[in-house]
Amino acid sequence: MVEELLTAAIAAGVGVAVYMGAAARVVKQYERGLVFRFGRLREGIRPPGFAMIVPVIDRLHKVNMQIVTLPVPAQEGITRDNVTVRVDAVVYFKVVDPANAIVAVEDYRFAVSQMAQTSLRSIIGKSDLDDLLSNREMLNQGLELMIDSPAVGWGVQIDRVEIKDVSLPETMKRSMARQAEADRERRARVINADAELQASHKLAEAAGVMSEQPAALQLRLLHTIVAVAAEKNSTLVLPFPVELLRFLERSAPPPAAAPAREEPAAAGPASEGPGPAEVDDAVDAAPAPDALDGAPAPDALDGPVDGLMLDAPPPEHERDGLRE
């Protein structure tokens with residue numbers, strides 16, 4: 001009798017251990033448990049930790065509540081401005097209602113993936129190429145709204161949608177490169193023209209200052225000579241401006257007045273001609289060549305020639321006439 005009771009107790013203990021092993025379930029922290037009894041969803045979601053179910057009758061389905069990163073395959077489409085592009089994106093979503101995620105849709109991951117692909121194609125057709133390249137934030141928001149609208153009924157919340165890359169044809173890349181080059185060349189020309197305008201204003205101001213102070217031009221010329229001489233050149237080209245001659249002309253003292261010439265003696269009668277005494281007096285009165293060289297220049301030669309004062313002797317034939 002005692003042996004039968006002991007055997008029954010051992011059998012009962014083994015049965016309880018087997019039942020507990022079959023009924024015990026563990027739900028992880030990032031999961032939620034759904035219990036289906038005879039195929040029907042029971043109320044209440046099993047929280048993380050140890051959970052018990054009825055073996056054979058109940059089925060525990062675990063749902064991951066973490067954020068899922070779902071890459072969207074590259075989609076090829078034509079933009080609103082008739083440019084063929086290839087765009088790929090990535091979707092971040094999570095399950096907020098485990099019951100709807102399991103009951104309302106067969107496979108919520110596959111459903112979100114297909115909805116993301118169709119929404120991405122729709123966004124490509126509604127956008128311009130410039131928007132795809134530079135205004136992605138607005139496109140990401142629009143794409144998120146398009147995917148999130150049907151996903152709400154699936155118990156899924158779209159956390160974020162990002163367009164990763166936009167692939168362009170080679171011909172379009174070359175066209176955009178030429179456009180960028182032309183735009184940069186235009187800006188370079190505008191900058192050069194602006195620099196020339198500013199330089200012209202400064203040169204006009206400098207010319208006004210130099211016109212008031214002519215010595216400033218000479219100082220500028222000396223600075224130029226120093227700058228050219230510092231290059232160790234074998235040939236030095238020195239410009240000689242006319243303003244320098246005018247400056248020297250104004251700084252030179254005025255010439256002395258020419259002395260009055262003596263009138264020659266009256267000649268004798270034409271038939272008789274000059275006598276020997278008259279010829280000797282004329283020869284003695286004629287100035288010597290050396291005296292003529294130091295004499296002041298005739299009135300016809302007086303005056304500046306390119307800013308210089310010239311004192312030239314009389315021609316040779318005039319000297320001969322004076323000697324005679």
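For the structure, see preceding data.
Overview of the structure.

In contact at an axis separation of 9 Å, helix H3 (residues 108-126) and helix H5 (residues 136-151) are set at 140° when each is read in the N-to-C sense. Considering their axes alone, H3 and H5 lie oblique with respect to each other. As for the relative orientation of H3 and H5, their crossing is right-handed in sense. Mapping the contact onto sequence places Met115, Ala116, Ser119, Leu120, Ser122 and Ile123 in H3 and Leu139, Gly142, Leu143, Met146, Ile147 and Pro150 in H5.

Here we take up the nonpolar core. With 35 residues, the main nonpolar core has Val85, Val91, Phe93, Val112 and Ile158 as its most contacted residues. Counting only elements with at least two residues in this core, the list comes to strand S2 (31-37), strand S6 (68-78), strand S7 (84-95), H3, helix H4 (129-134), H5 and strand S8 (156-167). No other element matches the 7 residues that H3 contributes to this core. Residues within four places of phenylalanine 93 in sequence aside, it is in contact with Gln66, Ile67, Val68, Leu70, Tyr108, Arg109, Val112, Val156, Gln157, Ile158 and Asp159. Counting 5 residues, the second-largest nonpolar core is a separate cluster that includes Val35, Ala51, Ile53 and Leu60.

Taken as a whole and judged by the stated rule, the model has 1 aromatic pair. Here phenylalanine 93 and tyrosine 108 contribute two aromatic rings whose centre-to-centre distance is 6.4 Å and whose plane-to-plane angle is 85°, an arrangement assigned as edge-to-face. Pair noted here: phenylalanine 93 is in strand S7 and tyrosine 108 is in helix H3, with a separation of 15 residues, a long-range link. As far as the burial class goes, phenylalanine 93 and tyrosine 108 line up, both buried.

Rules behind the numbers
Every chain is numbered on its own, with residues counted from 1 as its sequence reads. Restriction of local features to residues with pLDDT of at least 70 applies here, the model being predicted, together with a cutoff of 80 or more for giving and counting side-chain atom pairs; totals for whole chains, interfaces and linings are based on all residues. Where side-chain values are given, they derive from all heavy atoms of the structure, hydrogens and water being excluded. Under this scheme, a helix contributes an axis fitted over its contacting stretch, all axes are lines through C-alpha atoms, and angles between N-to-C directions fall in the 0 to 180 degree range. Runs of E in the DSSP output that reach at least two residues are strands. Runs of H or I that reach at least four are helices, and both are numbered from the N terminus. In what follows, roughly perpendicular refers to angles from 65 to 115 degrees, roughly parallel to angles under 35, roughly antiparallel to angles over 145, and oblique to any angle outside these ranges. Helix crossings get a hand from a simple test, with the near helix turned counterclockwise from the far one by less than a right angle marking a left-handed crossing and a clockwise turn marking a right-handed one. By the convention used here, residues are in contact when the closest approach between their heavy atoms is within 4.5 Å. As used in this record, nonpolar core signifies buried Ala, Val, Leu, Ile, Met, Phe, Trp, Tyr and Cys residues forming a set joined through side-chain atoms within 4.5 Å. Exposed residues in this analysis have more than 50% of their type's maximum accessible area, buried residues have under 20%, and partly exposed residues fall in between, with area computed by a 1.4 Å probe over protein chains only. Centres within 6.5 Å are what make two rings of Phe, Tyr or Trp a pair, Trp counting through its six-membered ring; a difference in plane orientation under 30 degrees is then read as stacked, over 60 as edge-to-face, and the rest as tilted.

Interpretation in functional terms is not warranted from these geometric data alone.
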